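# A structural walkthrough
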Amino acid sequence: MTEARRTTLLATSALLAMTACWGSTFFLIHDLLDRVPTLDFLSVRFTIASVALLLVAPRAVGRLSPEVRRHAVVLGLLYGVAQILQTAGLAHTPASVSGFITGMYVVCTPLFAALLLRSRITPLTWAAVALATAGLAVLTLDGLSVGFGEAITLVSALLYALHIVGLGAWSTARDALGMSILQIIVIAVVCLVATAPDGVTLPDNTRDWLSITYMALFAGALALVGQTWAQAHLAPTRSAIIMSMEPVFAAFFAVLLGGEATTLRMVGGGLMVLTAMVLVELVPRRKVEAEVQHIAV
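Since this is a predicted model, take the numbers as computed values, not measurements. (Residues numbered from 1 in each chain as written. Predicted model: local features only at pLDDT ≥ 70, side-chain atom pairs only at ≥ 80, totals over all residues. Heavy atoms only, no water.)

Another point: the overall build of the protein chain. Secondary structure assignment for the protein chain yields 14 helices and zero strands. Seen in sequence order, the protein chain has helices and strands lined up from the N terminus as α-α-α-α-α-α-α-α-α-α-α-α-α-α. For the protein chain, the C-alpha radius of gyration of 18 Å lies close to 19 Å, the compact-globule estimate for 297 residues. Reported as C-alpha extents along the three principal axes, the dimensions of the protein chain are approximately 50 × 50 × 35 Å. When the 297 residues of the protein chain are sorted by exposure, 51% land in the buried category. Considering only intrachain contacts with a sequence separation of at least 6, the fraction spanning at least 24 residues in the protein chain is 90%. As displayed, the protein chain offers around 13,200 Å² of accessible surface, 69% of which is attributable to carbon and sulfur atoms. Within the protein chain, one finds 17 positive and 16 negative side-chain charges whose respective centroids are separated by 15 Å. (Helix = DSSP H or I, 4+ residues; strand = E, 2+ residues; numbered from the N terminus. Rg over C-alpha atoms; globule rule 2.2 N^0.38 Å. Buried < 20%, exposed > 50% of the residue type's maximum accessible area, 1.4 Å probe, protein only. Contact = heavy atoms within 4.5 Å. Areas by Shrake-Rupley, 256 points an atom, 1.4 Å probe, with all protein chains shown as cover. Lys, Arg positive; Asp, Glu negative; His and termini not counted. Charge placed at Lys NZ, Arg CZ, Asp CG, Glu CD.)

Tallied over the full model, the rule gives three aromatic pairs. A ring pair is formed by Tyr-79 and Tyr-160, whose centres lie 5.5 Å apart and whose planes are at 70 degrees; its orientation type is edge-to-face. Residue Tyr-79 is found in helix H4 (residues 66-90), and its partner Tyr-160 is found in helix H8 (residues 148-170); the two are separated by 81 residues along the sequence. Both residues of the pair, Tyr-79 and Tyr-160, count as buried. (Phe/Tyr/Trp six-rings, centres within 6.5 Å; stacked < 30°, edge-to-face > 60°.)

What follows covers the environment of Ala-276. Summarising the element assignment, Ala-276 is placed in helix H13 (residues 264-281). Classification of Ala-276 by relative accessible area gives buried; the value is 0%. As for Ala-276 and Ala-14, which are separated by 262 residues in sequence, their C-alpha atoms are 18 Å apart. Not counting chain neighbours up to four residues away, the residues in contact with Ala-276 comprise Ala-128, Leu-131, Ala-132 and Ile-241.

With that settled, the discussion passes to the environment of Ser-180. Along the chain, Ser-180 falls in helix H9 (residues 176-195). Residues Ser-180 and Ala-221, 41 residues apart in the sequence, show an inter-C-alpha distance of 7.6 Å. If near-sequence neighbours (up to four positions away) are discounted, Ser-180 is found in contact with Leu-224, Val-225 and Thr-228. A distance of 3.4 Å separates a polar side-chain atom of Ser-180 from the backbone oxygen of Leu-224. (Polar contact = N/O pair within 3.5 Å; in protein donor to acceptor, adjacent residues only side chain to side chain.)

Looking now at empty space enclosed by the protein. One pass over the structure, following the stated rule, counts one cavity of 30 Å³ or more. By volume, the largest cavity amounts to about 50 Å³. Every residue lining the largest cavity is listed: Trp-22, Arg-45, Phe-46, Tyr-79, Ala-219, Gly-220 and Leu-224. Among the secondary structure elements, those contributing two or more residues to the lining of the largest cavity are helix H3 (38-56) and helix H10 (206-230). When residues of the lining of the largest cavity are assigned to their parent elements, the largest contribution, three residues, is made by H10. A per-class count over the lining of the largest cavity returns five nonpolar, one polar and one charged. (1 Å grid on protein atoms, 1.4 Å probe; cavity = no way out; pocket = protein on both sides within 12 Å on 5 of 7 lines; lining within 4 Å. Points joined across faces, edges and corners; volume = space filled by probe spheres on them. Nonpolar A, V, L, I, M, F, W, Y, C, P; charged D, E, K, R; others polar.)

Next up on the list: the state of the cysteines. Going through the model one piece at a time under the given rule, you end up with zero disulfides. Lacking any disulfide linkage, Cys-21 is separated from the closest cysteine sulfur, that of Cys-191, by 18 Å. In this structure Cys-191 comes out as buried when scored by relative accessible area, which is 0%. (Disulfide = S-S within 2.5 Å.)

Here is the structure:
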């Protein structure tokens with residue numbers, strides 16, 4: 001196995017582990033939001049993540065070049081605004097529909113990669129994208145209507161796709177930690193500004209603080225560092241297909257730890273998404289899509 005292929009497999013594993021970590025938070029968030037408003041939860045979560053990373057690597061941001069800092073700020077703004085729009089959409093949209101529409105970044109990512117990075121997206125990759133999208137529909141959808149909630153959730157999916165493409169274009173292994181810290185700081189500021197008019201409601205029991213701390217440190221700080229590093233070695237569309245495993249992991253943990261029943265739709269949709277991911281991993285990288293092309297702004 002070549003060094004390049006070994007690095008690619010390691011990046012794929014890191015991205016998959018990060019996606020599993022995200023999936024593990026769904027049933028925790030569902031329980032937590034009964035007591036803590038969503039934007040307040042996001043503000044506290046990303047503030048804890050920012051402080052933790054700054055304590056671990058206080059000089060990492062300072063080592064970034066001005067250009068990389070600008071890129072990190074843009075990526076943090078994209079992600080932070082996407083979080084807020086997705087949350088606002090949830091107030092008007094069933095959770096299953098929101099999950100499917102948010103997952104449409106799988107389709108949007110190759111479109112943006114082709115337009116912005118001039119990446120060549122092969123028929124095999126488009127087939128994997130279509131299969132992953134169909135799997136998400138089977139896994140999450142139970143009827144679909146289009147209204148205000150669905151519209152702003154779709155905008156959040158577009159922003160998530162731009163974030164994935166931007167990371168693929170701008171991230172490097174050397175700058176991954178500093179970029180992650182700056183992104184999380186920007187995300188925390190965006191969420192704090194959004195919730196500031198009503199004040200911030202903090203958890204009032206140890207269990208909720210433990211849940212938020214887990215989501216801040218593992219599904220927040222470590223996950224974004226892992227994503228930023230992994231996308232320095234993976235093309236954007238490939239990353240999006242791997243990340244489409246998130247609802248599959250969410251269903252798995254909901255059954256394993258949340259007490260939900262296994263359904264045929266869970267199994268069928270999950271297998272479709274898993275097949276799409278395997279499809280792009282079993283073929284040589286050069287046949288999946290072009291290597292990441294870095295662009296300047």
